[in-house]
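Understanding the architecture of this molecule
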Amino acid sequence: MPKIEIKRKSELSRREVAERLIAIGQALADGSEVELGTGGDSIEIAVADQLQWEIEIEIDGDKTEIEIEISWRDEPAEAPAKPVRRARPRKAAPKK
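Before going into details, it helps to say that this report is about the structure given with it.

What counts as what
Residues numbered from 1 in each chain as written. Predicted model: local features only at pLDDT ≥ 70, side-chain atom pairs only at ≥ 80, totals over all residues. Heavy atoms only, no water. Salt bridge = Lys/Arg side-chain N within 4 Å of Asp/Glu carboxyl O. Buried < 20%, exposed > 50% of the residue type's maximum accessible area, 1.4 Å probe, protein only. Helix = DSSP H or I, 4+ residues; strand = E, 2+ residues; numbered from the N terminus. Pairing = 2+ DSSP bridges.

1. Concerning the pattern of salt bridges
Tallying each qualifying case throughout the model produces three salt bridges. Lys-7 is the partner of Glu-5 in a salt bridge, and the nearest nitrogen-oxygen pair spans 3.7 Å. Exposure class is identical for Glu-5 and Lys-7. Each is exposed. Close ionic contact of Glu-19 with Arg-15 constitutes a salt bridge, the shortest N to O distance being 3.4 Å. Here Glu-19 and its partner Arg-15 are both found in helix H1 (residues 14-30), four residues apart, which amounts to about one turn of the helix. Owing to a relative accessible area of 43%, Glu-19 belongs among the partly exposed residues under this scheme. It is possible to trace a salt-bridge network through shared partners that takes in Lys-3, Glu-5 and Lys-7.

2. Considering the pairing of strand S3 (residues 52-60)
Alignment of S3 against strand S4 (residues 63-71), held across nine bridges, turns out to be antiparallel. By the bridge assignment, Glu-56 is partnered in S4 with Glu-67. Between S3 and the antiparallel strand that follows it, S4, lie two residues; Gly-61 among them carries a positive phi value of about 65 degrees.

Here it is as structure tokens:
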């Protein structure tokens, strides 16, 4: 799959940020696909069952930054089951 990167920055109220975080959390809790959108664009992403979570908090003077990173690897599609080979009964050797 080709690399896709979408970045958007905007200034929102605390409530608007909370609503977006809640929506992402609810989408993750409800199923394996999450639809994310901003500024009229949206993308639907399939999410694995097991995720990596990273949080970073940085305070520098009067600026505070919280970064939350959620990542995963795509789960491989299940390989089709191999056909079962059944042994055939051997023909009896001719009697002499």
